[in-house]
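# Structure at a glance
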Amino acid sequence: MTTCAADDRPNLLIVLTDDHSVPHVGCYGNADIRTPNLDRFAEQGLRLDRMYVTAPQCVPARATIMTGQSSVATRMTRFSAPLDRDIPTFPERLRQSGYYTGVAGRIYHLDGHNIIGSKETKQVFADNNLMTFHDRLDHVNIADGGVGHVDQMVQFLDRVPHNQPWFLQLSFDDPHRPLSENAIADPHDPNAISLPKHVPDTDLVRKDFAKYYDEIARFDADFGRLIKILEDRKLTQRTLILFMGDNGAAVLRGKGTLYEWGLHVPALMRWDGMIEPGSQSDALITSEDIAPTFLQLAGVAPDPEMNGISFAALLKGESFEGREYFCAARGSHGYNLPLHTADFDLSRCVRTRRYKLIYNPLWQLPFQPVDMFALPLWTDLKIRHQTGRLPALYSRLYFSPQRPIFELYDLQNDPEELDNLVGQPELAAIENELKSKLHEWMILQQDYVPLPIADFNPYLER
């Protein structure tokens, strides 16, 4: 084991909420939601305005955080897959360099779903020794036995050897569905919430958003307690803290989609004495960039397989431009048969600072929202559509008989992604450029999905 002045290397803490899009924190301009602790945390550190995950679901998104690679490259687009032993994670590299490492809180998702899977699934996992994280890290715990998530962090801190730097990923259940009826004592008023343009304004939608906001407020209280513990232990000057959502909210056009609410997540960072309080950045950053960033700060070289880009310079107040573009992938979800997009989809996208191109190779599958297609809210919208009582915009967005193979959005002029510009002559060059970038990425990632630019077929007449 090698160390480089271990005492002065930063502790590294990632705090993850589950299914949390960027508009749903007060410091991002949302006046309806109550997140005083997160807002204060942003004032004490850095707000990242363009942090994106490269997969809109828990399992593949968390794989990109841990590996610095895409979910396609790590073969994690199949929801029930465990991370292969041959694919390294950045906490393993930290551990090899002298860090004490762990995961705690909500399940970390990367040992597959043998726990709640079928007996056949469990047998395969047992026969082939597929669970790996107890071998990769020093401390592996999930929320069980009645021990709260913040208390699990305390347990971890109490086990860290004296003067040894540490890494912890602490995951929370909030605001994952099902949403609690009484998450906080003073709930948000459904009638006082401002809804975005892409969401139908119904009583059930408003009540759903209010409960979603309540769960975020409940997490906010837990987060305040977490920060106080670190402050009381005088750890904030030695600890880089990253708060972020693991993927987008399980709401319409959110989780499970490649729209902004599926990929764009809140991300706040605090590192007392290093990060300038009250700072913000609009650099384009992705979940794949976390691994090389944390490794660089720890004085550890990233693995050559990592395609993330370190943004350590940004944290030190140095010049950092961010990415020109990134690509993201949607895979299967849950454990059901592929009857609709809630359970199965193979969409891919490329997003630049202004434009996004979405490629839907399974355009025939009808749209269904992830984690909510069985809710009365969705049933009500279907009935409204069938009886002609749903405004035309929402019938088009959610109940079209098929999806377009390609979608192109100008996010500067259409941030809600309502106007598909594919085929517009004035954007032909941009459309081709984005298809070419996605084409290249899919080839280099060894993607198994058909490429977005068709090659010449010699067996067909031209």
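In this text the structure is predicted, and so the values were computed from the model without any measurement. (Residues numbered from 1 in each chain as written. Predicted model: local features only at pLDDT ≥ 70, side-chain atom pairs only at ≥ 80, totals over all residues. Heavy atoms only, no water.)

### What to know about the pattern of salt bridges
Short version of the rule: Whenever Lys or Arg places a side-chain nitrogen within 4 Å of a carboxyl oxygen from Asp or Glu, that contact is recorded as a salt bridge. Here a strand is any run of E in DSSP of at least two residues, a helix any run of H or I of at least four, and the numbering for each starts at the N terminus. Each residue is placed in one exposure class: buried if its accessible area under a 1.4 Å probe, protein chains only, is under 20% of its type's maximum, exposed if it is over 50%, and partly exposed if it falls in between.
Applying the stated criterion across every chain, the model contains 33 salt bridges. With a closest N to O distance of 3.0 Å, aspartate 138 and arginine 95 form a salt bridge. Of this pair, aspartate 138 sits in the loop between helix 5 (133-136) and strand 5 (139-140) while arginine 95 is found in helix 3 (residues 90-96), placing the two residues 43 residues apart along the sequence. By relative accessible area, aspartate 138 is classed as partly exposed at 33%. Of the charged contacts in the structure, one is a salt bridge between aspartate 208 and arginine 177, with a shortest N-O distance of 2.6 Å. Taken together, the residues span a long stretch of sequence, with aspartate 208 in helix 7 (residues 203-232) and arginine 177 in the loop between strand 6 (166-171) and helix 7 at a distance of 31 residues. Arginine 177 carries the same exposure label as aspartate 208, and that label is buried. Beyond isolated ion pairs, a larger network of salt bridges with shared partners links Asp18, Arg62, Arg106, Asp173 and Asp246.

### What about the side chain of arginine 348?
The test is simple: N or O atoms closer than or at 3.5 Å make up a polar contact, with two conditions inside protein: a donor-capable atom paired with an acceptor-capable one, and, for residues adjacent in sequence, both atoms drawn from side chains.
Topologically, arginine 348 is positioned in strand 12 (residues 348-352). A residue is classified by how much of its surface remains accessible, and arginine 348, at 0% relative accessible area, is buried. Looking at arginine 348, its side chain comes within polar contact range of the main-chain oxygen of arginine 330, at 2.8 Å.

### Regarding unusual backbone geometry
Phi is mostly negative for residues that are not glycine, and the peptide bonds are mostly trans. With an omega dihedral of -5 degrees, the bond running from aspartate 174 to proline 175 counts as a cis peptide bond. Looking at the element boundaries, proline 175 is found in the loop between strand 6 and helix 7. The phi torsion at arginine 75 lies on the positive side, around 60 degrees, for a residue other than glycine. Locating arginine 75 in the fold gives a position in the loop between helix 2 (58-67) and helix 3. Here the phi dihedral of aspartate 371 falls at roughly 65 degrees; this positive angle occurs in a residue that is not glycine. Since its relative accessible area comes to 29%, aspartate 371 is described here as partly exposed.

### Focus on the packing of aromatic side chains
Heads up, the rule is: Only Phe, Tyr and Trp rings take part, Trp by its six-membered ring, and two of them pair if their centres are within 6.5 Å. Stacked means planes under 30 degrees apart, edge-to-face means over 60, and tilted covers everything else. Look at NZ for Lys and CZ for Arg. If either is within 6 Å of the ring centre and within 35 degrees of the ring normal, a charge sits over the ring.
A full pass over the atoms with the stated rule returns 21 aromatic pairs. Look at phenylalanine 219 and phenylalanine 223: their rings are 5.7 Å apart centre to centre, the planes differ by 40 degrees, and that puts the pair in the tilted class. Here the residue phenylalanine 219 and the residue phenylalanine 223 both occupy positions in helix 7, the gap between them amounting to four residues, near one helical turn. Phenylalanine 223 shares its class with phenylalanine 219; the two are buried. Each member of the aromatic cluster is reached from another via a ring pair, and the members are Phe41, Phe172, Phe219, Phe223 and Phe243. Above the plane of the ring of tyrosine 448 lies arginine 348, whose end atom (NZ or CZ) is 5.6 Å from the centre.

### Observations concerning the confidence of the model for the protein chain
Heads up, the condition is: Values of pLDDT, ranging from 0 to 100, describe the predictor's confidence in every residue of the model. Contact definition: two residues touch when any of their heavy atoms are within 4.5 Å.
Averaged over every residue, the pLDDT of the protein chain is 94; the share at 70 or more is 96%. The low-confidence segment residues 1-6 (pLDDT under 50) makes 14 contacts with residues lying over four places distant or belonging to another chain.

### Comments concerning a nonpolar patch on the surface
Put simply, the test is: Like charges are joined within 9 Å and nonpolar side chains (Val, Leu, Ile, Met, Phe, Trp, Tyr) within 5 Å, but only among residues with over 30% relative accessible area and no salt bridge; these make up the patches. Accessibility throughout is a Shrake-Rupley quantity obtained with a 1.4 Å probe, and a residue counts as covered only by protein chains that appear here.
Together, Ile443, Leu444 and Leu451 make up an exposed nonpolar region whose accessible area comes to about 280 Å². Mapped onto the elements, leucine 444 comes out in helix 13 (residues 428-444).

### Digging into the pairing of strand 7 (residues 239-245)
Heads up, the condition is: What makes two strands pair is DSSP finding at least two bridges between them.
Among the seven residues in strand 7, seven count as buried, and that is most of the element. Here strand 7 shows two buried faces, one formed by Thr239, Ile241, Phe243 and Gly245 and the other by Leu240, Leu242 and Met244. Pairing of strand 1 (residues 11-17) with strand 7, which is carried by seven bridges, proceeds in the parallel orientation. Residue valine 15 lies in a different strand from strand 7, and its bridge partner there is phenylalanine 243. Across four bridges, strand 7 lies against strand 8 (residues 267-270) in antiparallel orientation. Counterpart to isoleucine 241 in the pairing with strand 8 is arginine 270.

### Side note on helix 7
Short version of the rule: By this rule the span expected of a helix is its residue count minus one, scaled by 1.5 Å.
Here helix 7 spans 44 Å end to end across 30 residues, near enough to the 44 Å set by a 1.5 Å rise per residue. Looking one or two residues beyond helix 7, the residue adopting positive phi is lysine 234, at roughly 55 degrees.

### Focus: the sheet that holds strand 5
Operational definition: Structural elements are reduced to axes, namely lines fitted to C-alpha atoms, with helices fitted over the stretch in contact, and the angle between N-to-C directions of any two is expressed from 0 to 180 degrees.
Pairing is mixed in the open sheet, where eight strands are placed in the order 5-4-6-1-7-8-2-9. Edge strands, defined here as strands with exactly one partner in the open sheet, are strand 5 and strand 9 (279-281). Pairing of strand 4 (residues 100-105) with strand 5, which is carried by two bridges, proceeds in the parallel orientation. Within strand 5, the position partnered with valine 103 by the bridge is valine 140. Sheet strands in contact with helix 1 (residues 36-43) are strand 2 (46-48), strand 7 and strand 8, and its direction is about 55 degrees off that of strand 8. Contacts from helix 9 (residues 290-297) reach strand 1, strand 6, strand 7 and strand 8, with the element oriented near 175 degrees to strand 7.

### Details of the sheet that holds strand 14 (residues 406-410)
Reading across the sheet, the four strands line up as 11-12-13-14 and stay open at both edges, with antiparallel pairing between neighbours. Only two strands of the sheet have a single partner each, and these edge strands are strand 11 (325-329) and strand 14. The average angle at which neighbouring strand axes cross in this sheet is 15 degrees, direction not considered. Pairing of strand 13 (residues 355-359) with strand 14, which is carried by five bridges, proceeds in the antiparallel orientation. Across the sheet, tyrosine 355 pairs through a bridge with aspartate 410, a residue of strand 14.

### A word on the environment of leucine 110
Secondary-structure assignment places leucine 110 in the loop between strand 4 and helix 4 (119-128). Once you skip the residues sitting within four places of it in the chain, leucine 110 turns out to touch Val59, Arg62, Ala63, Met66, Met76, Pro82, Leu83 and Phe133.

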